[in-house]
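For reference, the chains in residue letters:
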Amino acid sequence: MIIADEMRPITKQSTQTGAVLFTALVMMVLMTLLAVTMMGNTAMDEKMAQNSQDKNRAFQGAETGIELALGRHPSEIGASLLELAQAAQPPQPRKLWKRRSTIREVLWNMRVSRVRRAPVHQVIESPDLSRLPVQTCWPEDGGPFITFGLVITKDPETRQRNVGLYRIQVYDATTAGMHWQIQKGGGFHYNKAERLGIPLEVAVVIGADPYLLIAAITSLPEGIDEIAFSGLMRRAPCKLVRCKTIDLEVPAEAEIVLEGVVPPRERRLEGPFGDHFGHYSHASDFPVFHVKRFTRRRAPLYLSATVGKPPQEDKHIGNAVQEMIGPLIKLIHPEIKDLWAYYETGFHNLLVMSMDERYYKESMRTALAVSYTHLRAHETDSYLVCRLLLEK
C-alpha cells in the first residue's frame, strides 16, 4: 500500500556531509565487506535462512491483517453463508418463519445506502494519471499498471451493475488500457455498448473497504451484485454516492475514483504484463479508458498489489475468498467434504477435493461437473484431483 500525501510527489531534501563523517562511513563499509568475506558461506546461509523467516512472518502478518480487516476469520463468514443458504433450501414457510430475523437482517444488509455527501468527494479535479504513484511491477511490463482498481459498470439496457477487478495500463495523463476479457462482466457490458454504438460509462475505484475488495474478485454467478454481496459479508449496507460526471454510483468511503468512458471500436496495444504464472502475458489490443474526472479524499491512500510469480499479496486474498465461498459448493454437491485451490497455480488451475463417494464412480461425475463449471467461469485449463473418503 502506497500513501499519497495530498497527491504531491516526494522530494529529497539536500544534506551536507562533513569530510570526517564521509571518511568514517567509507571505513565502516570496507570493514563490513571484509568481515562478510571472512565469514564465508556460513554467514550467507544464515542470511538466507533469516530472509526466509522474515518472509514467513510477513505472510503470517498478512493473514492476520485480512482477519482483522474482515472482523472475523474468513472461514467463519463461509460457515455463516452456508448455514443461511441451507436454511432456505427448500424455502418452506415454517423454516422461513423460524429464520425471519435472519432473513430480515440479510435483506437489510444487502441493500445500498445512498448518501449525498461523501469523503471521496472532498476533492474534485481534472484528471492527471501521472500524479498517481502507479507502479511498474516487472522490467518488461508494457508500462505502469493500476493493479487493484475496482471497475464499476452497468449493462446499457438492463442497468444491472457489475464490479470487477481488471488491470489498467496507464498510457498518459487521461487515457489507459482496460483489460476486459470477453468472459468477464465488464466485458459483457462493453460488448453490448459497442453493438449499440455508444460509449460505456466507467468508474474505477482505488481503495475501498475489505469486504467490497473481496466481493469484486469473487467469481459470483452472473446477475449477483457484488456491492450487495459485500453488504451480506459486512453485515451492514454499503454506502454509495452518485458520480459527478457519469450516471454511476461509487462507494462513499472510497479513497480515489476515476470517472470516464470507454468509447466503442477503439483499441490500443496493452501489455505485456508479468502475470501470476511467472511469465509475461502477450501484448494485445484492448479497449481504451478515457478519464474525465478525479474525485478523492484530501489525503488519499493509493491501494495497489504486486502481481507476479507466487507467492504475492494475492495469495492471502485468494485464500480468504475460497474459505468464504468454498463451502457453498456443498449446496449442489453434498458429496464434497472439502476442497482447496492452490495459489501456486494462480488458484485457477489446480483444485483438490475430498469426497464421500456414495455410489460407484460418483467421484468421476462430480469431478467432471466441477471442472466444467470452473472452465465456464475462467476459460482456462483445469486440473482436478479427488481424494475419496470411503466411509461406511
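None of these values were measured; they are calculated from a predicted model. (Residues numbered from 1 in each chain as written. Predicted model: local features only at pLDDT ≥ 70, side-chain atom pairs only at ≥ 80, totals over all residues. Heavy atoms only, no water.)

**Here's the deal with the overall build of the protein**
- Of regular secondary structure, the protein possesses ten helices and 20 strands.
- Carbon and sulfur atoms provide 57% of the accessible area of the protein, an area that totals close to 22400 Å². (Helix = DSSP H or I, 4+ residues; strand = E, 2+ residues; numbered from the N terminus. Areas by Shrake-Rupley, 256 points an atom, 1.4 Å probe, with all protein chains shown as cover.)

**Comments concerning the pattern of salt bridges**
- As enumerated under the stated definition, the model contains 16 salt bridges in all.
- Among the ionic pairs, Arg 297 bridges to Glu 255, the shortest N-O distance being 3.6 Å. Of this pair, Arg 297 sits in the loop between β16 (284-296) and β17 (301-302) while Glu 255 sits in the loop between β11 (249-251) and β12 (256-262), and the two are 42 residues apart along the sequence.
- Look at the salt bridges and you will find they share partners, linking Arg 114, Arg 161, Asp 225 and Glu 249 into a network. (Salt bridge = Lys/Arg side-chain N within 4 Å of Asp/Glu carboxyl O.)

**Quick word on the environment of Arg 297**
- Given the relative accessible area of 21%, Arg 297 is considered partly exposed.
- Once you skip the residues sitting within four places of it in the chain, Arg 297 turns out to touch Pro 119, Val 120, Gln 122, Val 123, Glu 253, Ala 254 and Glu 255.
- Polar contacts involving the side chain of Arg 297 include one to the main-chain carbonyl oxygen of Ala 254, which spans 3.2 Å. (Buried < 20%, exposed > 50% of the residue type's maximum accessible area, 1.4 Å probe, protein only. Contact = heavy atoms within 4.5 Å. Polar contact = N/O pair within 3.5 Å; in protein donor to acceptor, adjacent residues only side chain to side chain.)

**So, the pairing of strand β6 (residues 161-165)**
- Where burial is concerned, most of β6 is hidden: four out of the five residues are buried.
- Relative to β6, strand β5 (residues 149-154) runs antiparallel, the two being bridged by five bridges. Bridging from a neighbouring strand, Val 151 pairs with Gly 164 of β6. (Pairing = 2+ DSSP bridges.)

**What about the packing of helix α7 (residues 210-217) against helix α8 (residues 226-234)?**
- Viewed as axis vectors pointing N to C, α7 and α8 meet at an angle of 130°, and their least axial separation amounts to 8 Å. Here α7 lies oblique to α8, going by the angle between them. Seen along the crossing, α7 lies across α8 with a hand that is right-handed. Only Glu 226, Ile 227, Phe 229, Ser 230, Met 233 and Arg 234 of α8 make contact with α7, whose side of the interface consists of Tyr 211, Leu 212, Ile 214, Ala 215 and Ala 216.
- Of the residues in the contact of α7 with α8, the class split is eight nonpolar, one polar and two charged. (Axes fitted to C-alpha atoms, helices over the stretch in contact; angles between N-to-C directions. Parallel < 35°, antiparallel > 145°, perpendicular 65-115°, else oblique. Left-handed = near helix turned anticlockwise from the far one by under 90°. Nonpolar A, V, L, I, M, F, W, Y, C, P; charged D, E, K, R; others polar.)

**Re α8**
- Buried residues dominate α8, accounting for nine of its nine residues.
- Those residues of α8 that fall on the buried side of the exposure criterion are Glu 226, Ile 227, Ala 228, Phe 229, Ser 230, Gly 231, Leu 232, Met 233 and Arg 234.
- Structurally, the start of α8 carries an N-cap: the backbone nitrogen of Ile 227 is 3.1 Å from a side-chain oxygen of Asp 225.
- Immediately downstream of α8, the backbone of Arg 235 shows phi near 65°, a positive value.

**So, unusual backbone geometry**
- Geometrically, the link from Gly 271 to Pro 272 is a cis peptide bond, its omega value of 0° lying close to zero.
- Relative to the helices and strands, Pro 272 resides in the loop between β13 (267-270) and β14 (273-274).
- Even without being a glycine, Arg 265 presents a positive backbone phi close to 60°.

**Thoughts on the sheet that holds strand β2 (residues 112-114)**
- The three strands are arranged β2-β10-β11 in an open sheet whose pairing can be described as mixed. Sheet topology places β2 and β11 at the edges, where each strand pairs with a single neighbour. This sheet shows a mean twist of 45° between the axes of neighbouring strands, independent of strand direction.

**A look at the packing of aromatic side chains**
- Summed over the entire model, instances satisfying the criterion amount to two aromatic pairs.
- The ring of Tyr 171 has Arg 268 sitting right over it, with the charged end atom 4.0 Å from the ring centre. (Phe/Tyr/Trp six-rings, centres within 6.5 Å; stacked < 30°, edge-to-face > 60°. Lys NZ or Arg CZ within 6 Å of the ring centre and 35° of its normal.)

**Notes on helix α6 (residues 185-196)**
- Between its first and last C-alpha atoms α6 spans 17 Å; for twelve residues at 1.5 Å apiece the expected length is 16 Å, and the two agree.
- Regarding α6, the residues found buried are Gly 186, Gly 187, His 189, Tyr 190, Lys 192, Ala 193 and Glu 194.
- Residue Gly 197 follows α6 closely and has a positive phi angle near 75°. (Expected span 1.5 Å × (residues − 1).)

**Some thoughts on the nonpolar core**
- In this structure, Leu 150, Ala 203, Val 205, Ile 214, Met 233 and Val 250 are the most contacted members of the largest nonpolar core, which totals 42 residues.
- Put simply, the parts of the chain that give this core at least two residues each are α2 (41-70), α3 (74-87), β5, β9 (200-206), α7, α8, β10 (238-242) and α9 (314-325).
- With residues near it in sequence (within four places) discarded, Met 233 still touches Arg 72, Ile 77, Tyr 211, Ile 214, Ala 215 and Met 324.
- Leu 132, Ile 168, Ala 193 and Val 202 belong to the second-largest nonpolar core, a separate cluster that totals 24 residues. (Core = buried A, V, L, I, M, F, W, Y, C linked by side-chain atoms within 4.5 Å.)

**With respect to the environment of Pro 133**
- Mapped onto the secondary structure, Pro 133 falls in the loop between β3 (123-125) and β4 (145-146).
- With a relative accessible area of 28%, Pro 133 lands in the partly exposed category.
- Spatially, the C-alpha atoms of Pro 133 and Ile 146 are 9.2 Å apart, while their sequence positions differ by 13 residues.

**Looking at the side chain of Lys 192**
- Positionally, Lys 192 belongs in helix α6.
- In this structure, Lys 192 is in contact with Asp 155, Pro 156 and Glu 157, ignoring residues within four places of it in sequence.

**Topic: the side chain of Thr 153**
- Within the fold, Thr 153 resides in strand β5.
- You can call Thr 153 buried: its relative accessible area is 1%.
- Here His 189 takes part through its side chain, which lies 2.8 Å from a polar atom of the side chain of Thr 153.
- Excluding residues that lie within four positions of it along the chain, Thr 153 makes contacts with Gln 160, Arg 161, Asn 162, Trp 180, Gly 186, His 189, Leu 200, Glu 201, Val 202 and Leu 248.

**Observations regarding the confidence of the model for the protein**
- Residues at a pLDDT of 70 or more form 76% of the protein, whose mean pLDDT is 77.
- Contacts for the low-pLDDT stretch residues 375-383, under 50 throughout, to residues beyond four places or in other chains number 22 contacts.
- Here residues 387-392 scores under 50 on pLDDT; set against residues more than four positions off or in separate chains, the count is 14 contacts. (pLDDT = per-residue confidence, 0-100.)

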